[in-house]
Amino acid sequence: MARVPGQHWFKAWLAAAAFAAAGGAAAEADAPGTKNAAADSADDLTTITEPLLSGIAEEEARNGPYSADLIGLLTSLGLAYQEHDENVLAVAVLDRALYLKRVNEGLFGIEQAPLVKRLIESELAIGQTATAEELRARLLDLARHNRGDERSAAIFREAAEREVGEYERYLRGEIPATLTIGSIADSPQAIAAGGVWRARRLYNEAIWGLMSNPRENKAELAELEEEFARTYYLEASNRSRYYVGVDDPLYGLGLGSYQRRVGYTGVGSSIEAVDYARALIELADWSLLFSRNGTAVKRYAQVYSMLVEQQVSASIE
């Protein structure tokens, strides 16, 4: 992705991208009903971008093509292109803004993340899925270089949710078998099946990123632990057999996650009591899934007694 930009390179790149984008737009605008709308959109875009392009040219002439002040101008220009569905142009501009951010602010600053996310959106819009995946890997790399920054937790969580989504598609049979040259582990089905394990690692990374201030991040930590525990439930409920012995490793792993989820809830109010009850019920359900019926019944009874004591009648049933 990284290119060495300069004033003349940027103008040439932008011109080529604009030509390609204009060709596609012209073909779509041939339909009579779309000509006026396309013209109005083009006029709006020109009104927004002309001052930005002039500002970029002036800043380059004044302080050179690597000026830090170009970053904001390029970002605004890229977002304008993106909002008008000119994603080829957006990629060119946002890529240069990201390059200058790295040059001026360092290779691994977490402040790059919003630009990388915008680039991913435009790369996907123009069908460059491989490049989008490279950028997602870069985003995770940024988060791992900034584990102590709470903004990294959101990056890990989003990546985990994507992995879980693909794993659920695999469970539903929505990823067809594909002939793969080489190892079967490289097939789309095998990669999606392994997504549940990658998701757990990512959820763990998100959780650790928030543990520097657990009291402030209690609600988000509870949500993360709930999503983390759900990965165990998905795996367990889709196994060919639930019970594989008293020391079933999956049961123990899931049990720890469900117990931590309970720990993030409280009983300071009727609302909190319901949250706490729900977490306890999920913990009991987990035991029931593995035929630990006595343990499950004791936990259900604990929930019932607690709700009676807290007088949360609406939730007792």
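Residues numbered from 1 in each chain as written. Predicted model: local features only at pLDDT ≥ 70, side-chain atom pairs only at ≥ 80, totals over all residues. Heavy atoms only, no water.

Some words on the layout of surface pockets
Operational definition: Lining residues are defined by having an atom within 4 Å of a point belonging to a cavity or pocket. Those points lie on a 1 Å grid over the protein atoms alone, cavities being sets where a 1.4 Å probe fits but cannot get out and pockets being open sets with protein on both sides within 12 Å along at least five of seven lines. Grid points are joined across faces, edges and corners, and a volume is the space filled by probe spheres set on the points. Runs of H or I in DSSP of at least four residues are treated as helices and runs of E of at least two as strands, each being numbered from the N terminus. Gly is placed with the polar residues, together with every amino acid not listed as nonpolar (Ala, Val, Leu, Ile, Met, Phe, Trp, Tyr, Cys and Pro) or charged (Asp, Glu, Lys and Arg).
Of the pockets and cavities examined, the second largest pocket occupies roughly 400 Å³. Considering the residues around the second largest pocket, the lining is formed by 17 residues, among which Glu 133, Ala 159, Arg 162, Glu 163 and Arg 198 are closest to the centre. Elements with a minimum of two residues in the lining of the second largest pocket: helix H6 (129-145), helix H7 (151-171), helix H8 (188-193) and helix H9 (195-210). Of the residues assigned to the lining of the second largest pocket, the class counts are 8 nonpolar, no polar and 9 charged.

So, helix H3 (residues 70-83)
Going by this rule: Take the number of residues in a helix, subtract one, and multiply by 1.5 Å to get its expected span. When a residue's accessible area, from a 1.4 Å probe over protein chains only, is under 20% of the maximum for its type it is buried; when over 50% it is exposed; and in between it is partly exposed.
Compared with the 20 Å implied by 1.5 Å per residue over 14 residues, the 20 Å span of H3 between its first and last C-alpha is a close match. Regarding H3, the residues found buried are Leu 70, Ile 71, Leu 74, Leu 77, Gly 78, Ala 80, Tyr 81 and Gln 82. Within two residues after H3, Asp 85 carries a phi angle of roughly 60 degrees, on the positive side.

Some details on the packing of H7 against H9
Heads up, the rule is: Helix axes are fitted to C-alpha atoms over the stretch in contact, other axes to C-alpha atoms as well, and angles between N-to-C directions run from 0 to 180 degrees. Relative orientations are named as follows: roughly parallel for angles under 35 degrees, roughly antiparallel for angles over 145 degrees, roughly perpendicular for angles from 65 to 115 degrees, and oblique for any other angle. For any pair of crossing helices, the crossing counts as left-handed if the nearer helix is rotated counterclockwise from the farther one by less than a right angle, and right-handed if it is rotated clockwise. Any two residues whose heavy atoms approach within 4.5 Å are treated as being in contact.
Across the interface, H7 lies against H9 with an axial gap of 8 Å and an inter-helix angle of 160 degrees. With respect to their mutual orientation, H7 and H9 come out roughly antiparallel. Judged by the sense of rotation from one axis to the other, the crossing of H7 with H9 is left-handed. In this structure, H7 uses Ala 153, Phe 156, Arg 157, Ala 159, Ala 160, Glu 161, Glu 163, Val 164 and Tyr 167 to contact H9, whose residues at the interface are Gly 195, Val 196, Arg 198, Ala 199, Leu 202, Tyr 203, Glu 205, Ala 206 and Leu 210. Considered class by class, the residues forming the contact of H7 with H9 number 12 nonpolar, 1 polar and 5 charged.

Geometric values such as these leave the question of function open.
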